[in-house]
Amino acid sequence: MHSWVGRRAGANAQEGAVVTLDVSGPELDRASEIVTDLRSRFPDVVELHRAARELDGRLRVAVRGRSGTGRDTMARAIRERLEVTPIGPGDDDADADVWLYVVVGWPRPADRIALRRLPPERTVLALGKADTLGSWEDAEDTAHACSADLGRSVHPVMPLLASVDLADEEFALLAQMVRDDEPMPSMAAHFITGDRAERTLRTGLLRRLDQFGILSALDLIEAADDAGSPLDRGALESLLRRQSGISALTAPLAETLDAVRVRRLHGVAGLLDRVAASGTARDEIEHTLSRFVRVDA
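Our subject in this report is the structure included herewith.

When helices and strands are tallied, the protein shows 13 helices and five strands. A principal-axis box enclosing the C-alpha atoms of the protein has dimensions of 80 × 40 × 35 Å. Looking at the protein as a whole, 46% of its 297 residues are labelled buried. When contacts within the protein are restricted to residue pairs at least 6 apart in sequence, those whose partners lie at least 24 apart make up 76%. Taken as a whole, the protein presents about 14200 Å² of accessible surface, with 48% of it coming from carbon and sulfur. Where the 38 positive side-chain charges of the protein centre and where its 49 negative ones centre are 5 Å apart.

Rendered as structure tokens:
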């Protein structure tokens, strides 16, 4: 068997763990106290409720990219592994903190146009479907070439593996393949064999893991068996998630947090400006705004 397991399985011991990106900070905490107090006294003012929503919640990450780049899969992966709030394709991204832009293969003119419209200090680029590029080295080389071409970092990821959730029957099939020394065919269509029930099972497994995921699972199961420590379903899922590369997005996302805090504070200040302009708590809000750090987002 052959996959990228040797390179990736131990690459990051925290890959399978959920990582939280904390947006809070002293200025935002102070703004939240002010907004909470104002809402308690003026509960009918819509802008105050909007300001509270602006300050509350996880990092809001809009997943964007051309159609066919796996945006929905990426959105699911970052929601489950990074504990952020994804904004999927087609959804309004007006309140996005960060944009995660997905490219597949080489950036196309449409990608370049889209990226020019996004704030660079709050945009992270990912090379999606990295498992289709032949090897992890090939994926890294492609990501580096894209980075050089675009002038910004591009991070290879395999989001399909980040959300892997095998059925018991699927895990049993993988284990049986290892016992039977059944290889994963180079042509995925040749994997769909057996009677109707088995063909249905294999089709579902291929859809869930794709060819690379199945190769990886077989290698992991075989390696564990050879070491005398057989894997159960949960352990296999955890190991597959480590190979996704999703946790590697934590660092570039964390680098956007200062800009995100400024954007949120700027948005709240704008909403409070509107409240004051309407005549509600004008002097109090104007005094408050004079103490805010006002930096354009």
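Next up on the list: the packing of helix 3 (residues 46-55) against helix 12 (residues 257-277). Look at helix 3 against helix 12: their axes get within 9 Å of each other, and the N-to-C directions meet at 170 degrees. Considering their axes alone, helix 3 and helix 12 lie roughly antiparallel with respect to each other. Between helix 3 and helix 12, the contacting residues are Glu47, Leu48, Arg50, Ala51, Glu54 and Leu55 on the first element and Arg263, Arg264, Val268, Leu271, Leu272, Arg274 and Val275 on the second. A per-class count over the contact of helix 3 with helix 12 returns seven nonpolar, no polar and six charged.

Right, let's get into the pattern of salt bridges. Using the criterion set out here, one finds 20 salt bridges in the structure. Its salt-bridge partner being Arg60, residue Asp97 comes within 3.7 Å of it at the nearest N-O pair. Of this pair, Asp97 sits in the loop between strand 2 (85-87) and strand 3 (98-103) while Arg60 sits in strand 1 (residues 60-65), and the two are 37 residues apart along the sequence. Of the two residues examined, Asp97 and Arg60, each falls in the buried class. With a shortest N-O distance of 3.2 Å, Arg233 and Glu237 are connected by a salt bridge. Highlighted residues: Arg233 and Glu237, both in helix 10 (residues 233-242), separated by four residues, approximately one helical turn. Looking at Arg233, the relative accessible area reads 28%, which means it is partly exposed. Residue Glu237 is classed as buried on the basis of its relative accessible area of 5%. Through salt bridges with shared partners, a single network forms among Glu54, Arg60, Asp95, Asp97, Arg263 and Arg264.

What follows is about the packing of aromatic side chains. Here the structure, examined in full by the defined rule, presents zero aromatic pairs. Residue placement shows Arg202 over the ring face of Phe191; its charged tip is 4.9 Å from the ring centre.

Proteins that are soluble and globular tend to have nonpolar side chains buried together. Counting residues in hydrophobic clusters, the biggest one holds 43 residues, and the most contacted among them are Leu59, Met74, Ile78, Leu100, Ile246, Leu249 and Ile285. Those elements that place two or more of their residues in this core are helix 2 (26-41), helix 3, strand 1, helix 4 (71-82), strand 3, strand 4 (123-127), helix 12 and helix 13 (282-291). With nine residues, the top contributor of residues to this core is helix 12. Core analysis: the next-biggest nonpolar cluster, separate from the first, contains 28 residues, Phe191, Ile214, Ala217 and Leu220 among them.

The rules behind each value
- Residues numbered from 1 in each chain as written.
- Predicted model: local features only at pLDDT ≥ 70, side-chain atom pairs only at ≥ 80, totals over all residues.
- Heavy atoms only, no water.
- Helix = DSSP H or I, 4+ residues; strand = E, 2+ residues; numbered from the N terminus.
- Buried < 20%, exposed > 50% of the residue type's maximum accessible area, 1.4 Å probe, protein only.
- Contact = heavy atoms within 4.5 Å.
- Areas by Shrake-Rupley, 256 points an atom, 1.4 Å probe, with all protein chains shown as cover.
- Lys, Arg positive; Asp, Glu negative; His and termini not counted.
- Charge placed at Lys NZ, Arg CZ, Asp CG, Glu CD.
- Axes fitted to C-alpha atoms, helices over the stretch in contact; angles between N-to-C directions.
- Parallel < 35°, antiparallel > 145°, perpendicular 65-115°, else oblique.
- Nonpolar A, V, L, I, M, F, W, Y, C, P; charged D, E, K, R; others polar.
- Salt bridge = Lys/Arg side-chain N within 4 Å of Asp/Glu carboxyl O.
- Phe/Tyr/Trp six-rings, centres within 6.5 Å; stacked < 30°, edge-to-face > 60°.
- Lys NZ or Arg CZ within 6 Å of the ring centre and 35° of its normal.
- Core = buried A, V, L, I, M, F, W, Y, C linked by side-chain atoms within 4.5 Å.

Purely geometric numbers; function is a separate question.
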